[in-house]
Amino acid sequence: MRLFLTTTLALSLVPAASARAQSCDGTFSKKGNPVTGLKYTAVAGVADLTTPNAIRQLRGIVMARGYDVLATEPDAGDLLMEMPQAANRRSFPLVAKATTNGGVTTVELRANLRGGVFANTDSVKAEMCGLLGALTGGAAGVAAAAAGENASAAGSAPTALSAQMLADRVSKERDRNVNEIPLRYKDRAFTLDGMVAQVIRDGEQYSVIFDIIPWEKKAIRTPGESQFKTDIVCVLASGQSVYALTLKPKSKVTLTGTYREYRASPLPSVLWLSECKPAT
């Protein structure tokens, strides 16, 4: 599901809080249909807010809600972000475009859903208006913008899933846009469970290579699944040599680590996690 945010002009000089509430409730609209694709739009205006600060605020707002920020250009008024995928939710990217006139910025949020993707309209409205309603102007807006600019995904709770699920997800994301992958996973922490394919030693470091089933060997293949294979390598943290030496092929492990690097070639593609430790 794709969600596009665009920040444009507003000429209203009403107080920021009032502008947000009135604009979002009054302008939310839905167009299209689930077959060809749905488009949702909501607009709100905030007084005493600049274009860069609008983008910086949005960055902090969405990161606090669990979104991944892929690219930020505050001076140009551009922001690319994405809600991570969960068991009951598809991931969706967001784009923001901001402009300001007379100290007033209007934020237009757009959600463009691909054909075949369904969404609860009330939930979409609540999410979009929630983002809009969190924006503020004046001194509070400046402070929120500074906090948003410095917000980081580091320290957030690790995403727990199987190594196979992460590998399949990254492979599908490679099909869509391989250049987004390093941006999407920067600073992200994961707790992965799976079986060991191999443990390798490089100098004083040990790495666990997860056993990932390639597409052609799967008993069940879901529609739209990528045919590419992505290997997942977990570079163990220092002090894990004894643990590493106890692992054998087909051993079951659960490891927590942080994204380090992704390489699309040579095939199969590889995603590395670093500072990996057994999950407790």
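Right above here is the structure, for reference.
### Side note on the overall build of the chain
Across its full length, the chain carries seven helices and 13 strands. Residue burial in the chain is summarised as follows: out of 280 residues, 46% are buried. In the chain, the proportion of contacts linking residues at least 24 apart, taken out of those at least 6 apart, comes to 68%.

### Describing the environment of Gly 130
By the element assignment, Gly 130 lies in helix H3 (residues 121–133). Taking the C-alpha atoms as reference points, Gly 130 and Ile 61, 69 residues apart in sequence, are found 9.5 Å from one another. Among residues more than four places away in sequence, those in contact with Gly 130 are Arg 65 and Lys 125.

### Looking at the pairing of strand S4 (residues 68–73)
Bridging between S4 and strand S5 (residues 78–83) involves five bridges; their strand directions are antiparallel. Each residue of the ladder has a partner; that of Ala 71, found in S5, is Leu 80. What sits between S4 and S5 in their antiparallel hairpin is a turn of four residues, with Gly 77 showing a positive phi close to 80°.

### Things to note about helix H4 (residues 138–150)
The end-to-end C-alpha separation of H4 is 19 Å, in line with the 18 Å expected for 13 residues at 1.5 Å each. Considered for burial, the residues of H4 that qualify are Gly 138, Gly 141, Ala 145 and Gly 148. Each buried residue of H4 lies within a common arc of 65° when the element is viewed along its axis, so the set occupies one face. For H4, exposure combined with an orientation more than 90 degrees from the buried face picks out Ala 139 and Asn 150. Contacts made by the buried residues of H4 are with strand S3 (37–47) and helix H2 (51–64).

### Some points on the nonpolar core
Of all hydrophobic cores here, the largest spans 33 residues; its most connected members are Tyr 40, Tyr 67, Leu 79, Met 81, Met 128 and Leu 132. Secondary structure elements with two or more residues in this core: S3, H2, S5, strand S6 (92–97), strand S7 (104–113) and H3. Ranked by the residues each element gives to this core, the list is headed by H2, at six residues.

### Quick notes on the pattern of salt bridges
Evaluation of the coordinates by the stated rule reveals twelve salt bridges. As a salt-bridge pair, Asp 168 and Lys 218 come within 2.9 Å of each other at their nearest N and O atoms. One end of the pair, Asp 168, is in helix H5 (residues 163–177); the other, Lys 218, is in the loop between strand S10 (205–210) and strand S11 (230–236), with 50 residues separating them in the sequence. Classification of Asp 168 as partly exposed rests on a relative accessible area of 27%. Across the pair Glu 204 and Arg 201 runs a salt bridge, and its minimum N-O distance is 3.6 Å. Judged by its relative accessible area of 52%, Arg 201 falls in the exposed class. Salt bridges linked by common partners bring Asp 168, Lys 218 and Glu 225 together as one network.

So, how was this worked out
Numbering of residues starts from 1 in every chain and runs along the sequence as written. With pLDDT at 70 or above as the cut-off, local features in this predicted model cover only qualifying residues; side-chain atom pairs require 80 or more to be listed or tallied, and sums for whole chains, interfaces and linings still use all residues. As a convention, hydrogens and water are excluded, and side-chain values are obtained from all of the structure's heavy atoms. Numbering of helices and strands runs from the N terminus, with a helix taken as a DSSP run of H or I at least four residues long and a strand as a DSSP run of E at least two residues long. With a 1.4 Å probe rolled over the protein chains alone, any residue whose accessible area is under 20% of its type maximum counts as buried; one over 50% counts as exposed, and the rest are partly exposed. Throughout, a residue-residue contact means that at least one pair of heavy atoms, one from each residue, lies within 4.5 Å. Paired strands, in this sense, are two strands between which DSSP finds at least two bridges. One less than the residue count of a helix, multiplied by 1.5 Å, gives the span that helix is expected to have. The arc in question is the one spanned by the directions pointing from the helix axis to the C-beta atoms. By convention a nonpolar core is built from buried Ala, Val, Leu, Ile, Met, Phe, Trp, Tyr and Cys residues, the set being connected through side-chain atoms within 4.5 Å. Salt bridges are identified by distance alone: a Lys or Arg side-chain nitrogen within 4 Å of an Asp or Glu carboxyl oxygen.

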